[in-house]
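Topology and contacts: notes
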Amino acid sequence: MAFLDEHNFSGGPGVLPASVLLQVQQAILQVPELGISLLGVSHRSDWFAQVVAEAESHVRYLLNLEDDFAVLFLQGGATQQFSMVPMTFLAGSSSPADYLDTGYWSHKSLPHAACIGPMRTAWSGQARGYCDLPVRHEVDYDPRAPYMHYVSNETVEGLQFHDVPGLDSVPRVCDMSSDFLSRWVDMKRYALVYAHAQKNLGPAGVTLVLVRKSWLAQSCQTDLPDFLDYRQHMQAHSILNTPPVFAIYVVLLVLRWLRYEVGGLDKMQAINAAKAGKVYNCLERLGDDVVIHATAACRSQMNAVFHFSHPEWQQRFLDLSQRAGFIGLEGHRSVGGVRISMYNAMQPHAIDDLVEWVAEFCRLQG
Ligand SMILES: *Cc1c(COP(=O)(O)O)cnc(C)c1O
């Protein structure tokens, strides 16, 4: 069976593995071990508690997480984390938190922090149109900052950190929404990582938060409404109120796929590097016909963003691509151009198809 989804290059919600979609289709009618629809399963059932526990165990295994990390499944998307992080770790602080302003999404996080406590933009790529990322010596990190916040993969501009910014002595907080579990990450160097599901991990509706319990216990003294309090979610094993049962179940299926079918993060990383290599090679071979948005050292393995040097090619490309069955290639409205998103579930052969199509399109124009 051919899935149209195979050629879905959308920036998010993104493509999911075909084997997972088939299991979801079955589970919507009847979860095999329950005999009822996934959509009608009680979130207070033992079965669902087991789903959460198993999903957590896969995340722990894949990232080799220390016990100090809590693994939470929350709602509100990455955007809610833009506020929950400062509400928890910045409120009442006398020294400012450091923020890196590296693109559309990190820029969005800034005002959320500024309305809670003191913060400082330690580096900004805005004046250069967010086409590169800071190298270490360019940033004057504050050793007294309560934390440093950054976005590991700027989904809109196609920029990805290939090293870990910041000081090891300052708690690192990272929005990994668009590259979580796409490559190996040394979690020892982080205090909190969050990632919503809908780019690389499942459907919209659930956001994973990995947070150090020791940091939480030591830094968060304030009273917060339960729903905005990581400690309450931790105690409730992510079932504080009705969680998105469907989304969490799909994430579980994707985690099983990643662990047992793909074979873990080293394998995933190698596959993703090969896919991205093919895409950027193709774009480079097109020479002056295309301009890649990101400077070479900062190119993302998840989202390749470029525009045609001939503006009249843009709409023609999108129209013909759509007709040829390649979906979701339009760049984000803030940068325009074309964005090729190649999340974990994007198959290498679908990348081959796309690369061939892009080259052929340019040949036909020239
Ligand atoms: C898409 C995206 C967001 C927005 O997430 P929501 O779940 O819609 O709030 C935030 N950060 C990054 C890096 C993203 O790619």
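None of these values were measured; they are calculated from a predicted model.

Attention now moves to the overall build of the protein. Counting its regular elements, the protein contains ten helices and twelve strands. Its C-alpha atoms give the protein a radius of gyration of 21 Å, within 12% of the compact-globule value 21 Å for 366 residues. Taken across its 366 residues, the protein has 55% of its residues classed as buried. Long-range contacts, defined as pairs at least 24 residues apart, comprise 68% of the intrachain contacts of the protein with a sequence gap of at least 6. Carbon together with sulfur atoms contributes 53% to the accessible area of the protein, which is approximately 15,300 Å² in total. Positive and negative side-chain charges in the protein, numbering 27 and 37 respectively, have mean positions lying 2 Å apart.

That bond from G12 to P13 is cis: its omega, -10°, falls within 30 degrees of zero. The topology assignment puts P13 in the segment before α1 (18-29). Although it is not a glycine, Y130 sits at a positive phi angle of roughly 50°. Following the sequence through the fold, Y130 ends up in the loop between β3 (119-124) and β4 (148-151). A relative accessible area of 10% places Y130 in the buried class.

By size, the foremost hydrophobic cluster in this structure holds 65 residues, and its most contacted members are L63 and F180. Among the elements that line this core, the one with the most residues is helix α7 (residues 245-262), at 13 residues. Counting contributing residues, this core receives three or more from each of domain 1 (19-262) and domain 2 (264-365). If we ignore the near neighbours within four places in the chain, the residues touching L63 are F180, L181, W184, V185, M187, L210 and L265. F9, V338, I351 and W357 belong to the second largest nonpolar core, which has 31 residues in total.

Turning to the site of the ligand, a few remarks are in order. Every one of the 14 residues lining the ligand counts as a neighbour, but T79, T155, D175, H196 and K199 are closest to it. Contact distances for the ligand include 2.4 Å between an oxygen atom and a side-chain N or O atom of T155. Q198 places a side-chain nitrogen or oxygen 3.1 Å from an oxygen atom of the ligand. Here the ligand has 390 Å² of accessible area as a free molecule, and 88% of this is covered by the chains. Ranked by residues supplied to the shell around the ligand, first place goes to helix α3 (residues 77-89) with four residues. A per-class count over the shell around the ligand returns four nonpolar, eight polar and two charged.

Residues lying three or four places apart along an α-helix face the same way, a consequence of the helix completing one turn every 3.6 residues. Regarding helix α4 (residues 104-114), the residues found buried are Y104, S106, S109, L110 and A113. Tucked inside the fold, the buried residues of α4 contact α3, β2 (97-101), β3, β4 and β5 (153-154).

Before going further, it helps to examine the pattern of salt bridges. Enumeration over the complete set of coordinates arrives at 13 salt bridges. One salt bridge in this structure joins K278 and D352, with 2.7 Å as the shortest N-O distance. With K278 in helix α8 (residues 265-285) and D352 in helix α10 (residues 348-365), the pair connects residues that are 74 residues apart, well separated along the chain. Residue classification places D352 among the partly exposed residues on the basis of a relative accessible area of 32%. Shared partners join several salt bridges into a network, and the residues in it are E66, D68 and R212.

Partitioning the protein into structural domains gives domain 1 (19-262) and domain 2 (264-365). Just the C-alpha atoms count here: the centres of domain 1 and domain 2 sit 27 Å apart. Listed as interface residues are 29 residues of domain 1 and, on the opposing side, 28 residues of domain 2. Of the roughly 2,200 Å² buried between domain 1 and domain 2, counting both surfaces, carbon and sulfur atoms make up 57%. Our count for the domain 1 to domain 2 interface comes out at zero salt bridges. Linking domain 1 with domain 2 are 16 residue pairs in polar contact (both at pLDDT 80 or more), by the criterion used here. Going through the elements one at a time, α2 (46-63), β6 (159-160) and α7 are the ones with two or more residues in the side of domain 1 that touches domain 2.

In this section: the sheet that holds strand β11 (residues 303-308). If you trace the three strands from one edge of the open sheet to the other, you get β10-β11-β12, paired in antiparallel fashion. Two strands in the sheet have a free side with no partner beyond their single neighbour: β10 (290-292) and β12 (338-341). Strand-to-strand twist of the sheet, defined as the mean angle between neighbouring strand axes without regard to direction, takes the value 30°. Bridge count between β11 and β12: four bridges; the pairing is antiparallel. Bridge pairing in β12 links N303 to S341.

How each quantity is defined
Residues numbered from 1 in each chain as written. Predicted model: local features only at pLDDT ≥ 70, side-chain atom pairs only at ≥ 80, totals over all residues. Heavy atoms only, no water. Helix = DSSP H or I, 4+ residues; strand = E, 2+ residues; numbered from the N terminus. Rg over C-alpha atoms; globule rule 2.2 N^0.38 Å. Buried < 20%, exposed > 50% of the residue type's maximum accessible area, 1.4 Å probe, protein only. Contact = heavy atoms within 4.5 Å. Areas by Shrake-Rupley, 256 points an atom, 1.4 Å probe, with all protein chains shown as cover. Lys, Arg positive; Asp, Glu negative; His and termini not counted. Charge placed at Lys NZ, Arg CZ, Asp CG, Glu CD. Core = buried A, V, L, I, M, F, W, Y, C linked by side-chain atoms within 4.5 Å. Domains from an automatic or database assignment. Near = heavy atom within 4 Å. Polar contact = N/O pair within 3.5 Å; in protein donor to acceptor, adjacent residues only side chain to side chain. Nonpolar A, V, L, I, M, F, W, Y, C, P; charged D, E, K, R; others polar. Salt bridge = Lys/Arg side-chain N within 4 Å of Asp/Glu carboxyl O. Buried area = accessible area lost by both parts, 1.4 Å probe. Pairing = 2+ DSSP bridges. Axes fitted to C-alpha atoms, helices over the stretch in contact; angles between N-to-C directions.

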